[in-house]
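If you want the building blocks of each chain, they are given just below.
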Number of protein chains: 2
Amino acid sequence: MKLTIEDIQQAHERIVPYIHCTPILQSAQLNKIFGCELSFKADNFQKVGAFKARGACNAVFSMDQDSLSKGVVTHSSGNHGAALAWAAAMRQTPCTVVMPDNAPQAKKDAVISYGATVVYCEPTMAAREATVTNLITQSGASLVHAYDDNRIIAGQGTAALETLSQIGQPIDMLMAPVGGGGLLGGSALVVKQSKGSESTLVIGAEPEMANDAWQGYKSGVRVAKSAPNTIADGLRATLGVRNFEIITEQVDDILLASEARIVEAMKLIWSRLKIIVEPSAAVPLAVIMDQPEDFHGKRIAIILSGGNLDLDDLPW
Amino acid sequence: MKLTIEDIQQAHERIVPYIHCTPILQSAQLNKIFGCELSFKADNFQKVGAFKARGACNAVFSMDQDSLSKGVVTHSSGNHGAALAWAAAMRQTPCTVVMPDNAPQAKKDAVISYGATVVYCEPTMAAREATVTNLITQSGASLVHAYDDNRIIAGQGTAALETLSQIGQPIDMLMAPVGGGGLLGGSALVVKQSKGSESTLVIGAEPEMANDAWQGYKSGVRVAKSAPNTIADGLRATLGVRNFEIITEQVDDILLASEARIVEAMKLIWSRLKIIVEPSAAVPLAVIMDQPEDFHGKRIAIILSGGNLDLDDLPW
């Protein structure tokens, strides 16, 4: 069944007691630099430090008591693992997160701190999926995939739902980073099905070095397998099946950013907005920095996806 | 004439069209770590990135047209210079900022970017004051001192005025960093003269390495001259005459923090609140980290004074 904006509205009602309605930030200086009006949806201030709290919360609070008693399981090297652990803890549901053994210690610690069990595996997608399948067979736990799951896509879309409502006037463009496609897919559904924003462009922003979504979008054939390396660690995932379908139908374009630009954009956000965002969150602004003339005079909303990174290992 | 809360309320009316009412931030995780309820007034999000915009704006918007036509002058190695330049530009008033020639390039650039003239001098307080006196003799411009000025103290106090109103319920303690004493002095007047917060403690937080305010507060004799070196560059100033008087009368204590703790507290604020604050802003939390048991169970407001620092030169 195809997701609609009603699903996203229901997701919002479901999760609103547990998540933050994060603020919209603006900077007169950034607007001056780029000659456009930028509104940043600061989901770096979200629970667990990333929009991933939205989808995980929606998934867990959609489950019935019987399923909950058997627990939830996922694989993740990043924010989704922490988000699912956080959401599961609120419903006293056992949560297991399969993580590649080379995941950063900070990410492992975050998952553990929310009370989940971590199971390590080799750092390949095959090993991650096989380990999850084993766990499900053993325990009957439910898989909550990081992005290829309608409950997750609907949850992530609530970031765009809040953004449109908070800005309260028509915008020319909404930009979001794209990795697995949960945030971009959910956001596109919201924008294209909301009254007054049907003509708002939805643009995905992706690292050049992890351009599987861009490739699939341009060719019409999803790239099923990729192992990209980019500083934007939240965007190393490969676009999901459901996500690909929504994105090819609803998104107006996917634009790419170089690694150097991503770092530059991240630093600019830190120094001008005085907030901490992770590299993935800076990819939309990096896209604008690359071709500012394409964005001149536009009203643009950018979803800042998260703020989790190792302060001892900054890219400058 | 002694400053009262009415002066600060008037200052607030005067500057409110130009400044941000910055948000109050909380972190469930920080509250858990320290066993108290912390509310952070995020003046790192203020215009020019620091509470200094409040006082400078109040001073400039208090001046008559005749004085304005002759311009304003100050000496500053930091945020006050940028704040005065920003405020002066709004009133089309010539602004000259005397800066030590060894001031960080970023601070010089900030002042220039707001349209002020920078005059360099040797990096001693004597040279700074002599240069300012010369400029005033030549141009008839008005001095707007960074802290030893009632208009400045009243302006800075508006941060506390907003804080009390935003929190909306009694707090046990308000903490602010102390350098020249504009922010702490103005805040103390507000707290002690506001209905319902008369018994709220006002605590100044100062680096051990720049402890002139603490010395003066404990001995009753103002330290007139000091040239401290601390990572909290915003707090290297010596407590002003007016500021000393207010602080000895109104402030309940001044507590000290080591350099290492200041860095630790700054990093904790960055990683938990996902915001950029400069070292000076972290001094109150550093004080709490040192003796957490003294703050257990308390409702505490902390004014985060600013967010300007060189991202290429972090202390970790």
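Residues numbered from 1 in each chain as written. Chains lettered and ligands numbered in written order. Predicted model: local features only at pLDDT ≥ 70, side-chain atom pairs only at ≥ 80, totals over all residues. Heavy atoms only, no water.

**Concerning the overall build of chain A**
Where we set the bar: In this text, helices come from DSSP runs of H or I with a minimum length of four residues, and strands from runs of E with a minimum of two, each type numbered from the N-terminal end. The contact criterion used throughout is that any non-hydrogen atoms of two residues lie within 4.5 Å. All accessible-area figures derive from a Shrake-Rupley calculation using a 1.4 Å probe, and residue coverage is judged against the displayed protein chains alone.
When you go through chain A residue by residue, the secondary structure sums to 13 helices and 10 strands. Overall, chain A is about 55 × 40 × 40 Å in size when its C-alpha atoms are taken along their principal axes. Across chain A, every contact between residues at least 6 apart in sequence was considered, and the portion connecting residues at least 24 apart equals 71%. Carbon and sulfur atoms form 50% of the exposed surface of chain A, whose accessible area is close to 12200 Å².

**A few points about the state of the cysteines**
Under the convention used in this document: Disulfide: a pair of cysteine sulfur atoms within 2.5 Å of each other.
Within this structure, the stated rule accounts for zero disulfides over all chains. With no disulfide of its own, C95 of chain B lies closest to C57 of chain B among cysteine sulfurs, the gap being 13 Å.

**A few points about the sheet that holds strand β10 (residues 299-304) of chain B**
All names here are of chain B. Condition: Here, a strand pair is defined by DSSP locating no fewer than two bridges between the strands. Lines are fitted to the C-alpha atoms to define the axes, a helix being fitted only along its stretch in contact, and any angle between axes, read from their N-to-C directions, falls within 0 to 180 degrees.
Strand order in the open sheet formed by six strands is β1-β2-β10-β7-β8-β9, and the pairing between neighbours is mixed. Only two strands of the sheet have a single neighbouring strand rather than two, namely β1 (24-25) and β9 (253-257). Set on the sheet, helix α9 (residues 182-193) makes contact with β7 (173-177), β8 (201-207) and β10; between it and β8 the angle comes to about 170 degrees.

**Description of the nonpolar core**
The cut-off we apply is this: Side-chain atoms within 4.5 Å are what join buried Ala, Val, Leu, Ile, Met, Phe, Trp, Tyr and Cys residues into a set we call a nonpolar core. For every residue, the accessible area obtained with a 1.4 Å probe (protein chains only) is divided by the maximum for its type, and the residue is called buried under 20%, exposed over 50%, and partly exposed between those limits.
One finds L38 and W270 of chain A together with L38 and W270 of chain B to be the most contacted residues of the largest nonpolar core, which totals 78 residues. Apart from residues no more than four positions distant in its own chain, W270 of chain A is found in contact with I275, I276, V277, L309, L311, L314 and W316 of chain A together with W270, I276 and L311 of chain B.

**Some points on the relation of the copies chain A and chain B**
Where we set the bar: Residues reaching a pLDDT of at least 70 in both copies supply the C-alpha atoms on which the copies are superposed by least squares.
Between chain A and chain B, which share one sequence, the superposing operator has a rotation angle of 180 degrees and an axial displacement of 0.0 Å; the RMSD is 0.0 Å. Put plainly, the chains are arranged around a two-fold axis. Scanning chain A for the C-alpha nearest the rotation axis identifies I275 of chain A, at a separation of 2.0 Å. Taken as a fraction of all interface residues of chain A, those also at the interface in chain B reach 100%, which identifies the copy contact as same-surface.

**What to know about the domain arrangement of chain A**
Residues and elements named next belong to chain A. Basically, it comes down to this: Here the bounds of each domain stem from an automatic or database domain assignment. Here the quantity called buried area is the accessible surface, traced with a 1.4 Å probe, that two parts lose on coming together, added over both. What counts as a salt bridge is simple: a side-chain nitrogen of Lys or Arg found within 4 Å of a carboxyl oxygen of Asp or Glu.
Domain annotation for chain A reports domain 1 (5-50 + 150-304) and domain 2 (53-143). On a C-alpha basis, the centroid separation for the pair domain 1 and domain 2 is 24 Å. In this assembly, 23 residues from domain 1 lie in contact with 19 residues from domain 2. Contact between domain 1 and domain 2 buries roughly 1700 Å² in total, counting both sides, with carbon and sulfur atoms accounting for 58%. Considering only the surface of domain 1 that becomes buried against domain 2, Y18, V48 and R151 emerge as the three largest contributors, covering 41% of it. Run the count over domain 1 and domain 2 and you get three salt bridges.

**Let's talk about helix α5 (residues 79-90) of chain B**
Residues and elements named next belong to chain B. Here is the rule we go by: Here the expected span of a helix is defined as 1.5 Å times the quantity of residues minus one.
A rise of 1.5 Å per residue sets the reference length of α5, with its 12 residues, at 16 Å; its end C-alpha atoms lie 17 Å apart and thus fit the reference within 8%. Residues of α5 that are buried include every one of N79, H80, G81, A82, A83, L84, A85, W86, A87 and A88, and no others. In this structure, the buried residues of α5 make contact with α3 (52-62), β3 (72-75), β4 (95-100), α6 (105-113) and α8 (150-167). With its phi angle positive at about 50 degrees, Q92 sits one or two positions after the end of α5.

**Digging into the interface of chain A and chain B**
Much of the literature gives interface size as the accessible area that the parts lose upon coming together. Every contact between the two is made by 18 residues of chain A and, on the other side, 18 residues of chain B. Between chain A and chain B lies a buried interface of about 1500 Å² when both sides are counted; carbon and sulfur atoms form 60% of it. By the criterion of area lost to chain B, the three top residues of chain A are K274, I276 and L311 of chain A, representing 41% of everything that side buries. Applying the counting criterion to the chain A and chain B interface returns two salt bridges. For the salt bridge of D312 of chain B with K267 of chain A, the shortest nitrogen-to-oxygen distance reads 2.6 Å.

**A few points about the sheet that holds strand β9 (residues 253-257) of chain A**
All names here are of chain A. Taken in spatial order, the six strands of this open sheet run β1-β2-β10-β7-β8-β9, and their pairing is mixed. Of all the strands in the sheet, just β1 (24-25) and β9 have a single pairing partner and so form its edges. When β1 meets strand β2 (residues 37-42), the two strands line up antiparallel, connected through two bridges. Within β2, the position partnered with L25 by the bridge is F40.

**Looking at unusual backbone geometry**
Residues and elements named next belong to chain A. Backbone geometry at V48 places phi at a positive 55 degrees, although glycine is not the residue there. Mapped onto the elements, V48 comes out in the loop between β2 and α3 (52-62). Positioned with a positive phi, Q92 is a non-glycine residue whose angle comes to about 50 degrees. Tracing the backbone shows Q92 in the loop between α5 (79-90) and β4 (95-100).

**Quick look at the pattern of salt bridges**
Residues and elements named next belong to chain A. Following the criterion strictly, the structure yields 28 salt bridges over all chains and no others. Linking R242 and D148 is a salt bridge whose minimum nitrogen-to-oxygen distance equals 2.8 Å. Residue R242 is located in helix α11 (residues 241-250), and its partner D148 is located in the loop between β6 (142-143) and α8 (150-167); the two are separated by 94 residues in the primary sequence. Taking the relative accessible area as the measure of exposure, R242 reaches 39% and is therefore partly exposed. A relative accessible area of 17% places D148 in the buried class.

**Topic: empty space enclosed by the protein**
Put simply, the rule is: The distinction between a cavity and a pocket rests on a 1 Å grid over the protein atoms alone: a 1.4 Å probe fits inside a cavity but cannot get out, while a pocket stays open yet meets protein on both sides within 12 Å along at least five of seven lines, and a residue with an atom within 4 Å of a point counts as lining. Grid points are joined across faces, edges and corners, and a volume is the space filled by probe spheres set on the points.
Under the defined criterion, the tally for this structure stands at one cavity of 30 Å³ or more. Looking at the largest cavity, its volume works out to about 30 Å³. In this structure, the largest cavity is lined by W270, S271 and K274 of chain A together with I276, G307, L309 and L311 of chain B.

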